[in-house]
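Observations on chain architecture
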Amino acid sequence: MGYFQALNVLIRKNIKLTIRDYVSLGVQLIAPLLVMLLLFISQKSYDNGLGFDPEGREDRDTPIEPLGAIPRCHHPEDLPCLTLVYAPDEVRDGFDVPSWVNSVAERNGIPDNEVRGFADAAALNSYLIENPNSTMAAYVFEDYDFELLSNDDVSFVVQYNTTAQLEFPLGATRFNDVLVAPSMTIAMSEVIMSSISGREISFNLSKRAFPHPNVEGISDAFFDYGPLLLFGCYMVSFIFFLYKLVVEKENRLREAMRMSGMSQSQHFLSWGLTFAALMFLTSMLLIVFGYIFRFDFFLETDFAIIFLTFVIFGFALIPTVFLLGVLTRKAQSVNGIVFSYYIVTYLMASSQELIYGVAPDGEPFLSGGVTALREVFAIFPATMFVRAVQTIASASLLGNGLKWEGIDGIDGPDNFFPVRTCWIWMVVTSLAI
C-alpha cells in the first residue's frame, strides 16, 4: 500500500471515529452556538441598562438624588475605619474645630470611635500614608481658613480618599467623589454657618445628571467576554482531540501501525488533517453565528480579517495539541492538563493590554529591558489571538470597524503588534513547535 493510500485509510478511520463519537461531536458543534448566545444575552443586558455601566443607557428624565447624611466608613478588609478625621484637634484663634466636628458627627449618627483629630495637616497626612484606606475623608483647617473665618466667611478643606472603591464584578465607583465629599462639605458648612449666625441653619441640596442618549461603546460584551469565550470554544475541540491521541497512545495503536508498515508521519498527518477540518468547522460556525446574532464585531469588520484571525488561531493550536499528546501519559489526566493549559495561557493572554498597551500620555506601559516580554508572550498563540480579537473589538466600539488597510495598525508609539503581526506570530510559532 502506497504512502497516500495508507494516509487516506487513516483519515477515513479518524473521520469515522469522530462521527461515531456522538457526544463529543455534538458538543463541538453546539459550543459555537452557546458561546455566541451567551455573548448575545450579555450584549442585550448591556443595551437595556442591565450591564455594569447603567449610566451609559438612555435617560431623558434623570432622577433627582438628595445629598444626604455622611455615609459610615467601611474598610475593604473589615478592619477598623475612621469616618471623620480632622486637623487641628484644638481651639485655634477662637474657633473650636473639635466642637464643630463633633456636631457634624452627632448630626450624621457617627459614633465617637470613628472620629479622630490630629495636631495639624502634616500629622494627618503622615497617618494617612501609614494607614492607607483607613478613612474616607478629613476636614483640614489651615491658617488662611482661620483668617477667612475671622471675617465671617466659611472656609475649610475636605481632603478625601481617591482610591477606587471596587464594585461587582470588576469595576470601580467614584463613591467618595460623588457622595462623601459633597455630603461632608454640606455638613460642615451647616455647622459653621450656624455657629457664626447664632441660629440653626440647614441645607436641602440635591444633584441631578444631565439627560442623555445611549452612550455608544461604553459597554460591549464582545470586548469584555469575547476572548475568554472564543478561546474556550476552541478548547472544546482541543480536549476531545487530545483525548483521542492519548487513548491511541495508551492502546499502543501507533506501534501496531508501525509494525504493519505505516510510518509515524502518516499517523500524525492523518490526525492533523482531521483536527484541522474540525478547527475550520469551529471557526466557520463561530463566524456564521456571529453574523446571525449581528454583532458589530462581525458586521463592521472586513470578513477576510475575521476569517483569517479565527482560522489561523484554530490551525495554530494543532502543533500544541500534538506536543501535549506526546507529553501526556494517561488519558485520565487530559482534562486536568487542558484546563491548566487554558487557565495559564488565558491569564497570559489577558495581560496583553499591559504588555502591548500604552498609557493615557501616549507612552507604552513597558519600557527598557522588560519590553522583551512582548516577544515572550507572543510565543503563545492565545496571546496573539486575544490581542487580535480585542484590536478588532476596539475598532468596532469606535463605530467604524477594522478594514483591510488597517491590519498593520497606525503609525505611532502605540503600534505594537497589529493584527497582521499577530497572524504572523501565530503561524511562525506553531510551525516552530
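Report follows, based on the coordinates. As the structure is a prediction and not an experimental result, all values here were calculated from the model.

With that out of the way, let us pick up helix α15 (residues 381–397). For α15, which comprises 17 residues, the first-to-last C-alpha distance of 24 Å matches the rise-based estimate of 24 Å (1.5 Å per residue) to within 8%. Taking burial as the measure, the 17 residues of α15 include 14 buried ones, the bulk of the element. Where α15 ends, the next residue or the one after it, Gly399, has phi of about 95°, a positive value.

Following the criterion strictly, the structure yields 1 disulfide and no others. Between the sulfur atoms of Cys73 and its disulfide mate Cys81 the distance is 1.6 Å. Of the two residues, Cys73 and Cys81, neither departs from the other in class, the shared state being buried.

Here we come to the environment of Phe297. Structurally, Phe297 is set in helix α10 (residues 296–299). Distance in space between the C-alpha atoms of Phe297 and Ser396 is 5.6 Å, their sequence separation being 99 residues. Excluding anything up to four places from it in sequence, Phe297 contacts Phe222, Ile306, Phe310, Val389, Ile392, Ala393 and Ser396.

Turning to the side chain of Glu300, a few remarks are in order. As for its placement among the helices and strands, Glu300 is situated in the loop between α10 and α11 (303–327). In this structure, Glu300 is buried with no salt-bridge partner, the nearest side chain bearing the opposite charge being Lys403 at 7.1 Å. Sequence-distant contacts of Glu300, defined by excluding residues within four places in its chain, comprise Ser396, Gly399, Asn400, Gly401, Leu402 and Lys403.

Interaxial distance between helix α9 (residues 264–292) and α11 falls to 9 Å at its minimum, and their mutual angle equals 145°. Of the two possible hands of crossing, α9 and α11 adopt the one that is right-handed. Along the contact surface, α9 presents Phe268, Trp271, Gly272, Phe275, Ala276, Met279, Phe280, Ser283, Met284, Leu286, Ile287 and Tyr291, while α11 presents Phe303, Ile306, Phe307, Phe310, Val311, Gly314, Phe315, Leu317, Ile318, Val321 and Phe322. A breakdown of the residues in the contact of α9 with α11 according to their chemical character gives 20 nonpolar, 3 polar and no charged.

Judged by pairing direction, the sheet is mixed, and its 4 strands sit side by side in the order β5-β2-β6-β7 without closing on themselves. With one partner strand each, in any of the chains shown, β5 (115–117) and β7 (157–160) form the two edges of the open sheet. Neighbouring strand axes in the sheet, compared pairwise and without regard to direction, differ in orientation by 20° on average. With 3 bridges joining them, strand β2 (residues 82–87) and β5 adopt parallel strand pairing. Looking at the pairing, Tyr86 lines up with Gly117 of β5. Here helix α3 (residues 97–107) sits on the sheet in contact with β2, β5 and β6 (135–140), set at roughly 160° to β2.

Parameters at a glance
- Residues numbered from 1 in each chain as written.
- Predicted model: local features only at pLDDT ≥ 70, side-chain atom pairs only at ≥ 80, totals over all residues.
- Heavy atoms only, no water.
- Helix = DSSP H or I, 4+ residues; strand = E, 2+ residues; numbered from the N terminus.
- Expected span 1.5 Å × (residues − 1).
- Buried < 20%, exposed > 50% of the residue type's maximum accessible area, 1.4 Å probe, protein only.
- Disulfide = S-S within 2.5 Å.
- Contact = heavy atoms within 4.5 Å.
- Lys, Arg positive; Asp, Glu negative; His and termini not counted.
- Salt bridge = Lys/Arg side-chain N within 4 Å of Asp/Glu carboxyl O.
- Axes fitted to C-alpha atoms, helices over the stretch in contact; angles between N-to-C directions.
- Left-handed = near helix turned anticlockwise from the far one by under 90°.
- Nonpolar A, V, L, I, M, F, W, Y, C, P; charged D, E, K, R; others polar.
- Pairing = 2+ DSSP bridges.

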